[in-house]
Amino acid sequence: MEVDAHGLEVLDQRECLRLLSSVPVGRVAFTDRALPAIQPVNFVLDGSDVILRTGVGSKLGLAIRRAVVAFEADDFDPEVRSGWSVTLIGEARAVTDPAEAERLSRLPLPAWAPGPRDRYIRIFGRYVSGRRINAVAA
């Protein structure tokens, strides 16, 4: 097991993707009008890429189209002080191919927000990294 300088377990890409697939919500970090922004989103993995649903003209969809973004998800247990965090960095693109959009519509990605959410955004998982902190005996 590899650990970093702070004693956290360094996760390999396979474990990062496994952990990402175990939670329904993550956060997208992007630039909105030259300012940093973070938005929680529900998502699903498609291989090593993150897939989001959005509506036509949504603020998130407009802000991250063809931009490099960061996506983060985590899970933790505060009672035993253990958990993990995974970050994925890549270009976000609107899915414009009708056949791909049709395939993505069959993935387990229900819309949580109200209103139509029939557009898809793919965040290409170019750089994936993660850390885990294991419970420490007091």
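To be clear, the structure that these remarks concern was listed above.
What comes next is a walk through the structure. (Residues numbered from 1 in each chain as written. Predicted model: local features only at pLDDT ≥ 70, side-chain atom pairs only at ≥ 80, totals over all residues. Heavy atoms only, no water.)

Once that is clear, we can look at the overall build of the chain. Across its full length, the chain holds three helices and nine strands. N-terminal to C-terminal, the α/β element order of the chain is β-α-β-β-β-β-α-β-β-α-β-β. Projected onto its principal axes, the C-alpha coordinates of the chain cover approximately 50 × 35 × 25 Å. For the chain, with 138 residues in total, the buried portion stands at 39%. If you take every contact in the chain between residues at least 6 apart in sequence, the share linking residues at least 24 apart comes to 68%. Roughly 8,500 Å² of accessible area belongs to the chain as shown, and the carbon and sulfur atoms make up 54% of that amount. Of the side-chain charges in the chain, 18 are positive and 18 negative, and the distance between the mean point of each set is 7 Å. (Helix = DSSP H or I, 4+ residues; strand = E, 2+ residues; numbered from the N terminus. Buried < 20%, exposed > 50% of the residue type's maximum accessible area, 1.4 Å probe, protein only. Contact = heavy atoms within 4.5 Å. Areas by Shrake-Rupley, 256 points an atom, 1.4 Å probe, with all protein chains shown as cover. Lys, Arg positive; Asp, Glu negative; His and termini not counted. Charge placed at Lys NZ, Arg CZ, Asp CG, Glu CD.)

Turning our attention to the packing of aromatic side chains. Counted according to the given criterion, the structure contains one aromatic pair. Ring geometry for F43 and F71: centres 4.7 Å apart, planes at 70°, overall edge-to-face. Highlighted residues: F43 in the loop between β3 (35-42) and β4 (44-46) and F71 in strand β6 (residues 67-77), separated in sequence by 28 residues. Here F43 matches F71 in class, with each residue buried. (Phe/Tyr/Trp six-rings, centres within 6.5 Å; stacked < 30°, edge-to-face > 60°.)

Scanning the model with the defined rule gives 13 salt bridges in all. The salt bridge involving R103 is made with D46; its shortest N-O contact spans 2.6 Å. Taken together, the residues span a long stretch of sequence, with R103 in helix α3 (residues 98-105) and D46 in strand β4 at a distance of 57 residues. Owing to a relative accessible area of 16%, D46 belongs among the buried residues under this scheme. A salt bridge links E91 to R93; its shortest N-O distance comes to 3.1 Å. Assessed through its relative accessible area of 32%, R93 is described here as partly exposed. Salt bridges sharing partners connect three or more residues here, namely D46, D49, E100, R103 and R122. (Salt bridge = Lys/Arg side-chain N within 4 Å of Asp/Glu carboxyl O.)

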